[in-house]
Amino acid sequence: MTRLYVHEVVTRDGFQIEPRFIPTEEKIVLVDRLSETGLHKIEVTSFVSPKAVPALADAEAVMAGIRRHPAVGYVALVANPRGAERAAAARVDEIVLVLSVSESHNRANVRRSTEESFAGFAEIMRALDGTGVKVACGMATTFGCPFEGYQPLDRILRFVDRLVGLGVGSIALADTVGMGDPRQVRDVCSEVRARFPEYEFALHLHNTRGMGLANVLSGLEAGITHYESSLGGLGGCPFAPGATGNVCTEDLVHMLHQMGHDTGVDLDRLIAAARGLPALVGHDVPGQVMKAGKSTDLHPLPPQLR
Ligand code: COA
Ligand code: ZN
């Protein structure tokens with residue numbers, strides 16, 4: 001079976017929308033714990049305006065406090081050149097530029113037009129040239145925008161083409177508010193893969209309408225090998241009405257392993273980490289395997305049947 005790669009986003013996508021500020025030390029402890037689970041990448045935080053996202057105002061302190069595992073890529077989200085500068089100074093391995101396919105979500109999220117975002121990205125690429133910091137892009141609202149609805153395929157392809165042209169190394173196609181359905185996700189992923197067959201695409205799916213894992217299957221059918229997900233199923237964009245959690249990492253890994261795929265992830269460690277989340281965030285979380293246990297965890301027969 002194919003080798004698949006899981007990127008964890010809980011301390012970024014998950015915590016950015018939590019009403020309670022998660023203390024810096026607890027973020028560091030969680031990242032360190034996740035570093036020992038075999039995940040390919042961990043999106044640690046965002047270097048954005050602390051006024052826009054107060055939950056991640058401690059980005060520098062978190063990056064400085066974590067213990068880096070040599071096999072893990074440590075990633076941070078960035079929206080403007082100032083963020084890229086901060087992220088590079090904090091020695092992230094990779095920055096993720098955030099861009100929305102839809103004009104209105106781009107404005108709601110980063111308060112600029114998509115053209116202005118592209119201009120900032122060109123500046124960032126020049127500034128990072130030669131630093132060794134890798135650059136990815138998260139393309140929000142690829143599978144639907146809460147303000148404008150579905151985005152035309154030719155616009156999605158044009159955006160991918162421009163990012164590839166700028167030298168961005170990989171792209172995460174993001175379903176910001178879970179509007180994608182399995183057929184659409186398969187079609188869009190197949191088109192971008194056919195157009196850019198050698199390029200690295202990831203899927204960043206939210207389970208807002210219960211289609212998250214079904215959409216992962218569509219991604220697999222289309223040959224996508226990288227998946228972004230959030231421990232416990234936390235997550236959501238504070239600037240997208242109705243946003244809810246990402247596809248849940250341990251549920252995703254559980255499904256992929258059950259299907260015979262190799263992710264390199266230690267599922268038991270992941271589940272153990274997920275079970276610590278409700279106490280950390282102060283509420284129940286959507287993850288299912290952390291509650292039900294794995295399909296292979298059998299129960300003793302009731303005594304009367306023994
Ligand atoms: N890091 C820290 N502070 C930053 C910053 C950055 N990367 N970029 C801007 N700021 C500060 C400015 O210094 C300014 O502070 P001040 O009011 O004390 O002077 C303030 O933020 C506003 O700056 P401005 O350049 O006018 O930005 P804006 O108000 O047009 O907002 C963004 C644009 C991109 C900075 C802001 O919308 C943002 O950070 N968005 C992040 C969105 C996000 O993370 N969404 C979730 C992920 S999907
Ligand atoms: Zn997201």
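Going by the structure above, here's the rest.
So, how was this worked out
Residues numbered from 1 in each chain as written. Chains lettered and ligands numbered in written order. Predicted model: local features only at pLDDT ≥ 70, side-chain atom pairs only at ≥ 80, totals over all residues. Heavy atoms only, no water. 1 Å grid on protein atoms, 1.4 Å probe; cavity = no way out; pocket = protein on both sides within 12 Å on 5 of 7 lines; lining within 4 Å. Points joined across faces, edges and corners; volume = space filled by probe spheres on them. Nonpolar A, V, L, I, M, F, W, Y, C, P; charged D, E, K, R; others polar. Phe/Tyr/Trp six-rings, centres within 6.5 Å; stacked < 30°, edge-to-face > 60°. Helix = DSSP H or I, 4+ residues; strand = E, 2+ residues; numbered from the N terminus. Buried < 20%, exposed > 50% of the residue type's maximum accessible area, 1.4 Å probe, protein only. Lys NZ or Arg CZ within 6 Å of the ring centre and 35° of its normal. Core = buried A, V, L, I, M, F, W, Y, C linked by side-chain atoms within 4.5 Å. Contact = heavy atoms within 4.5 Å. Donors = N, O, S within 2.8 Å, 3.2 Å for Na, K, Ca; no water. Near = heavy atom within 4 Å. Polar contact = N/O pair within 3.5 Å; in protein donor to acceptor, adjacent residues only side chain to side chain. Areas by Shrake-Rupley, 256 points an atom, 1.4 Å probe, with all protein chains shown as cover. Sits in = over half its atoms within 2 Å of the grid points.

Asks: Teacher, can you tell me more about empty space enclosed by the protein here?
Replies: Over the atoms, a rolling probe the size of a water molecule traces out where space has been left empty. As enumerated under the stated definition, the model contains one cavity of 30 Å³ or more in all. Empty space within the largest cavity amounts to approximately 110 Å³. The wall of the largest cavity is formed by 17 residues, among which H7, K41, E94, V96 and E228 lie closest to the centre. Across the lining of the largest cavity, the residue classes break down as nine nonpolar, two polar and six charged.

Asks: Help me understand the packing of aromatic side chains in this model?
Replies: The description of an aromatic ring pair rests on the distance of the ring centres and on the angle between the ring planes. Applying the stated criterion to the full structure yields four aromatic pairs. Arranged with centres 5.2 Å apart and planes meeting at 80°, the rings of F118 and F159 form a pair that is edge-to-face. One end of the pair, F118, is in helix 6 (residues 114-128); the other, F159, is in helix 7 (residues 153-166), with 41 residues separating them in the sequence. Taking relative accessible area as the criterion, F118 reaches 4% and is therefore assigned buried. Both rings, one in F196 and one in F201, keep their centres 6.4 Å apart while their planes meet at 65°; by these two values the pair is edge-to-face. Assigned by exposure class, F196 and F201 land together as buried. Through a chain of ring-to-ring contacts, three or more aromatic side chains come together here, namely F118, F121 and F159. Cation over ring: K27 sits above F21, and NZ or CZ is 4.1 Å from the ring centre. The ring of F118 is capped by R162, whose NZ or CZ atom sits 4.0 Å from the centre of that ring.

Asks: Explain the nonpolar core to me, please; I cannot follow it from the model alone.
Replies: What tends to happen in soluble globular proteins is that the nonpolar side chains get buried as a cluster. Counting residues in each nonpolar core, the largest one holds 87 residues, and the members touching the most others are I95 and M139. Apart from residues lying up to four places away in sequence, M139 is in contact with L99, V101, I156, F159, V160, L163, I171, A172, L173 and A174. If you look at the next biggest cluster of nonpolar residues, it comprises five residues, including V177, M179, A240 and A243.

Asks: Where do I start with the coordination of the zinc ion (ligand 2) in this structure?
Replies: Angles between donor atoms at a metal ideally measure 109.5 degrees for a four-coordinate tetrahedral arrangement and either 90 or 180 degrees for a six-coordinate octahedral one. Bound to the zinc ion (ligand 2) are the protein donor atoms D13 (OD), H204 (NE2) and H206 (NE2), situated 1.9 to 2.2 Å from the metal. Mapped onto the polypeptide sequence, the residues donating to the zinc ion (ligand 2) form the spacing pattern D-x190-H-x1-H. Of this pair, D13 sits in helix 1 (residues 10-14) while H206 sits in the loop between strand 7 (200-205) and helix 9 (212-221), and the two are 193 residues apart along the sequence.

Asks: When you look at the site of ligand 1 in this model, what are you seeing that I'm missing?
Replies: Close contacts around ligand 1 come from 21 residues, with K51, N80, R82, R86 and N109 the closest. Between G83 and ligand 1, the recorded distance is 3.3 Å, taken from a backbone N or O atom to a nitrogen atom. Relative to its unbound accessible surface of 930 Å², ligand 1 loses 70% to contact with the protein. Taken atom by atom, the bulk of ligand 1 overlaps the largest pocket. At the level of secondary structure, the elements contributing two or more residues to the shell around ligand 1 comprise helix 4 (81-89) and helix 5 (103-110).

Asks: Help me understand unusual backbone geometry in this model?
Replies: Backbone phi values are negative for most residues with the exception of glycine, while trans is the configuration of most peptide bonds. One non-glycine residue, R91, lies in positive phi territory at about 60°. Positionally, R91 belongs in the loop between helix 4 and strand 4 (94-100). Positioned with a positive phi, T141 is a non-glycine residue whose angle comes to about 60°. Relative to the elements of secondary structure, T141 occurs in the loop between strand 5 (134-140) and helix 7.

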